[in-house]
Protein chains: 2
Amino acid sequence: MRAVIVEAPGDVDVLTLGEADTPTPGPGEVLVRTVASGVNRADILQRQGHYPPPPGVTDIIGLEASGVVERVGEGVERWKEGDEVVALLSGGGYAEFFVAPEGQLIPPPPGVDLVSAAGVLEVAATVLSNLRVGNLAHGEVFLVHGGAGGIGTFATQYAKALGAVVAATAGSEDKLRHCREHGADFAFDYHGDWVSALKEATGGADVILDIIGAKYLEANVKALKKRGRMVVIGLQGGVKGTLNLGLLLSKQATISATSLRFRPAAEKAEICAAVEAQVWPMLGDGRIRLSPETRIAFDDVRAAHELLSGGSNVGKIVLVH
Amino acid sequence: MRAVIVEAPGDVDVLTLGEADTPTPGPGEVLVRTVASGVNRADILQRQGHYPPPPGVTDIIGLEASGVVERVGEGVERWKEGDEVVALLSGGGYAEFFVAPEGQLIPPPPGVDLVSAAGVLEVAATVLSNLRVGNLAHGEVFLVHGGAGGIGTFATQYAKALGAVVAATAGSEDKLRHCREHGADFAFDYHGDWVSALKEATGGADVILDIIGAKYLEANVKALKKRGRMVVIGLQGGVKGTLNLGLLLSKQATISATSLRFRPAAEKAEICAAVEAQVWPMLGDGRIRLSPETRIAFDDVRAAHELLSGGSNVGKIVLVH
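The rules we used
- Residues numbered from 1 in each chain as written.
- Chains lettered and ligands numbered in written order.
- Predicted model: local features only at pLDDT ≥ 70, side-chain atom pairs only at ≥ 80, totals over all residues.
- Heavy atoms only, no water.
- Least-squares fit on C-alpha atoms with pLDDT ≥ 70 in both.
- Contact = heavy atoms within 4.5 Å.
- UniProt positions renumbered as here; feature names shortened; annotations may be inferred.
- Helix = DSSP H or I, 4+ residues; strand = E, 2+ residues; numbered from the N terminus.
- Buried < 20%, exposed > 50% of the residue type's maximum accessible area, 1.4 Å probe, protein only.
- 1 Å grid on protein atoms, 1.4 Å probe; cavity = no way out; pocket = protein on both sides within 12 Å on 5 of 7 lines; lining within 4 Å.
- Points joined across faces, edges and corners; volume = space filled by probe spheres on them.
- Nonpolar A, V, L, I, M, F, W, Y, C, P; charged D, E, K, R; others polar.

Per an unreviewed UniProt entry, chain A is named NAD(P)H-quinone oxidoreductase, and its organism is Tessaracoccus lubricantis.

Listed below in structure tokens is the structure:
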């Protein structure tokens, strides 16, 4: 099959189209012919050698994809040849075919075509699973950084649908408007003193979803309310930061760091089921609206990575096969 | 009533015996004539001005005490004049009388006299409530620092009773022996590379109960297993430390900082009930053994603080009225 091959970590040039063995579905697994592959920031990190796949996983990049079931392995009950699916993957999405455990496949969201659907599950599963870690409750204050990004836009709408008061940070007037248009009650420019602004407006955050890491660690702890929970899922602002444990203790607060990719398959399946049950209806009735995705031909994978790295793109990028 | 008065924060000299108004029990509260007052490290911090009482709480020091019920407020159901009780307090224990909400009083442990009992509830409630935060499960690896101290000795025995594998750190051969004698499966000298020793012996800690704070932050994160939970309840080694969020993320780990004192009354009552139901039987049948306490006359409160600050004392210190 055709697949994106990376011989050695590096810049976009290391992404080359080549041939790989078509994978064979084991017991409980499903072979899917790819329609489109979602492109995620983690893919760039993996290409650069900073985010190796978990043990036993293909080294072909790609954390999500959509497609049509080609063949099912032993014991697979839900799926049959010809079914349309989206998949949450530990790797392997940048290829003509991929295999996934039965539970990591769900139907595309209602009314969304398979190409658009390729870029939805990873962000939905990330947001749903991590707001569970933060245990966000109705009426609580939720803060998300990068409010105009893929995770931020989704998290804002999802948290609103859960009944939270939502605050988002972003770096330009356009992006702040994007946050408000997607339901953020408050949008703060991160170039300013967003901690004070947040506290003044809301008293502080009960739950923070953070993709920045070290750079925001001290500010995030300051921004937390008593009993606040901070969930770190990205490290775009560095790895090692200063933690004021005295402040954390006086707030009785918690910092969790999690990622979807390294969770065991059973948990991923449970998360996919929750996305299908809880998030797909929100997409169906418009409580969550997706920004139009940017479609790029599979052969132009380098252009897709360049576009995502550039940071100017709004909405998801998908590779069309 | 007689009480320990602190006019201004400072050294032991600021502790003076004086007179204060005998408190009046409000609805749901109980007035208790003190038999003995437990002395805790937090009392020293409060005397020094580093640990002010929560809003609305007396500024008389003292987080736990034992005594005999003198009078009950409106609506109190469980207690009547003459009942023997131990109390978990937000303050006020260093006095001839104290008041406490009904739910923060429980009977002394079976077979323990009221003087010894004055020093048990604070440590029991601290350990029980914080191992709940860490969600310690049967068969998991539990690490406690200061294994020969009051919290360490109690936590070791309690975690063993819950079925955990217990590792403790301490700083001398005597103290390491104390840890083993109280059930620690592994005891490590903190002057050496205890992280490597722990990992070699157990694979790492599922739950860490930490009283050190900043100084051990990096080492604790290294010592955690995948999905490990670290619960910081003390800052004897400083407030601001370096947190490696990348390592925390790769382990999907969590850091919580909590203290018993600042929890709402309803939670304290629930914790006291759990101590009575779960911990008192362990004291009754010997699964948890208390080190003999050091008894000091109430009038010699300065000597008690000096002894605790000196660090040579083993077991609890109680002030006898």
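Caption draft 1: Highlighting the relation of the copies chain A and chain B. Rotating chain A by 180° about the axis while translating it 0.1 Å along that axis superimposes it on chain B, leaving an RMSD of 0.0 Å. Taken together, the rotation angle and the small translation identify this as a two-fold axis. Both copies contact each other with a shared surface, as 100% of the interface residues of chain A are interface residues in chain B too.

Caption draft 2: Geometry of the UniProt feature "domain: Enoyl reductase (ER)" (unreviewed entry) in chain A. In this numbering, the UniProt entry assigns the feature "domain: Enoyl reductase (ER)" (unreviewed entry) to residues 10–319 of chain A. With 33% helix and 26% strand, the stretch residues 10–319 of chain A has end C-alpha atoms that lie 20 Å from each other.

Caption draft 3: Highlighting the environment of Ala118 of chain A. All names here are of chain A. Take Ala118: it is sitting in the loop between helix H2 (114–117) and helix H3 (121–134). On the basis of relative accessible area, Ala118 is assigned to the buried category, the value being 1%. When the C-alpha atoms of Ala118 and Arg227 are compared, they prove to be 37 Å apart, with 109 residues separating the residues in sequence. Ala118 has contacts with Ala36, Ser37, Gly38, Glu64, Ala65, Ser66 and Val318, leaving out every residue within four places of it along the chain.

Caption draft 4: Summary view of empty space enclosed by the protein. All names here are of chain B. One pass over the full model with this rule turns up one cavity of 30 Å³ or more. Computed from the structure, the largest cavity encloses a volume of approximately 40 Å³. Contributing to the lining of the largest cavity are Leu63, Leu88, Leu89, Glu122, Leu260, Arg261 and Lys268. A per-class count over the lining of the largest cavity returns four nonpolar, no polar and three charged.

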